[in-house]
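Results of the structural survey
What follows is the residue order along each chain.
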Amino acid sequence: MTKAAASFPVKSLRMMVAVPALCLAIALSACVSNIDNAWPGISYQAAAPVTVNAGRIEIFNSYNAPMAAPNVEHMFRMTPSAAAQELARRQISAAGGSRVLRVIVDDASVRQTILPKEQGVIGMVQRDPEEKFDARVALRFELVDEAAPDIIVGRANVVATRERTVKGGMTLAERDKAYYDLTQTLVNDLAQGIGTTVQNTFGFK
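These numbers come from a predicted model, not from an experiment.

1. A word on the packing of aromatic side chains
- A complete count under the given rule lists two aromatic pairs for this structure.
- When the centroid spacing of 4.2 Å and the interplanar angle of 15° are considered together, the rings of Phe 76 and Tyr 179 count as stacked. With Phe 76 in the loop between β2 (56-61) and α2 (80-91) and Tyr 179 in helix α4 (residues 172-202), the pair connects residues that are 103 residues apart, well separated along the chain.
- Residue Tyr 179 is classed as buried on the basis of its relative accessible area, which comes to 4%.
- Ring geometry for Phe 133 versus Tyr 179: centroids 5.7 Å apart, planes at 85°, classification edge-to-face. Of this pair, Phe 133 sits in strand β5 (residues 131-145) while Tyr 179 sits in helix α4, placing them 46 residues apart in sequence.
- On the accessibility criterion, Phe 133 (1% relative accessible area) is buried.

Below you can see the structure in the form of structure tokens.
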């Protein structure tokens, strides 16, 4: 006499399948969250406050990203243009008066170059060519009177350039981190330039 095969209700089987699937979904969600929060936002703590002889500060972006290779700045979580504008808002304050200080982003480009593979043994084992990024942010400062906004009474420029070479075959997280580091370095350089050039040219004394 054989024993009857054990049977499980259909509902129980569905629950058994659903629980592992739920655990997998939670695990994947945690992984995505960790990647998104792997590093903090851009820091502006290195920016020494600058007070200028103006009653108002206006910030403009005149740089139009090509949105195509070799430019890659549009792929950044925070573009160099957005970071530079935020820096100006945080670092520069108006002392008062009838003048306006304009801050214009003329350039905020990052261009990518795929470097040729090395020849010989090293070139044979290298899977992906290295990538080089050339970044440039140019800020233009113009001081005008409220009553005559077309007449510029003071000018200054602050430019930051950086070059960075990274290994080929980076993961998306590694690429995001490289973009983040490049933007942070540009912001630090701009902050230093604003703290000297803008302070000396338009600073409140």
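2. Quick look at the side chain of Gln 184
- Checked against the element boundaries, Gln 184 lands in helix α4.
- Judged by relative accessible area, which is 12%, Gln 184 ranks as buried.

3. Here we look at α4
- Under the 1.5 Å per step criterion, the end-to-end length of α4 is 42 Å for 31 residues, consistent within 8% with the ideal 45 Å.
- Along its length, α4 reaches its greatest deviation from straightness, about 30°, at Ile 194.

4. Concerning the sheet that holds β2
- The strand order across the open sheet formed by four strands is β2-β4-β5-β6, and the pairing between neighbours is mixed. Each edge of the sheet is formed by a strand with only one pairing partner; in this case those strands are β2 and β6 (148-166). Direction aside, the axes of adjacent strands within the sheet are offset by 15° on average.
- Here 15 bridges tie strand β4 (residues 99-114) to β5, and the two strands are oriented antiparallel to one another. Counted as the bridge partner of Gln 112 is Phe 133 from β5.
- The strands that α2 touches are β2, β4 and β5; relative to β4, the one it contacts most, it runs at about 150°.
- Sitting on the sheet, α4 touches β4, β5 and β6, and the angle it makes with β6 is about 145°.

5. Notes on the environment of Gly 169
- Secondary-structure assignment places Gly 169 in the loop between β6 and α4.
- Separated by 40 residues in the primary sequence, Gly 169 and Pro 129 have C-alpha atoms spaced 7.8 Å apart.

6. Quick word on the pairing of β5
- In terms of burial, β5 is a largely internal element, eleven of the 15 residues being buried.
- Relative to β6, β5 is paired through 15 bridges, and the arrangement is antiparallel. Residue pairing across strands places Glu 142 opposite Arg 155, the latter belonging to β6.
- Linking β5 back to β6 in an antiparallel pair, the connection comprises two residues.

7. Side note on the pattern of salt bridges
- Counted by the stated rule, this structure contains 17 salt bridges.
- As a salt-bridge pair, Arg 89 and Glu 86 come within 3.4 Å of each other at their nearest N and O atoms. Placement of the pair is Arg 89 and Glu 86 together in helix α2, with a separation of three residues, close to one helical turn.
- By relative accessible area, which is 23% here, Glu 86 ends up partly exposed.

8. A look at the environment of Ala 178
- Here Ala 178 shows up in helix α4.
- For the pair Ala 178 and Thr 165, spaced 13 residues apart in sequence, the C-alpha separation works out to 9.4 Å.
- Beyond its immediate sequence surroundings of up to four residues, Ala 178 is in contact with Arg 164 and Val 166.

Conventions used here
- Residues numbered from 1 in each chain as written.
- Predicted model: local features only at pLDDT ≥ 70, side-chain atom pairs only at ≥ 80, totals over all residues.
- Heavy atoms only, no water.
- Phe/Tyr/Trp six-rings, centres within 6.5 Å; stacked < 30°, edge-to-face > 60°.
- Helix = DSSP H or I, 4+ residues; strand = E, 2+ residues; numbered from the N terminus.
- Buried < 20%, exposed > 50% of the residue type's maximum accessible area, 1.4 Å probe, protein only.
- Expected span 1.5 Å × (residues − 1).
- Bend = angle between axes of the 7 residues up to and from the residue.
- Pairing = 2+ DSSP bridges.
- Axes fitted to C-alpha atoms, helices over the stretch in contact; angles between N-to-C directions.
- Contact = heavy atoms within 4.5 Å.
- Salt bridge = Lys/Arg side-chain N within 4 Å of Asp/Glu carboxyl O.

Honestly, that's just the spatial picture; any functional story needs more than this.
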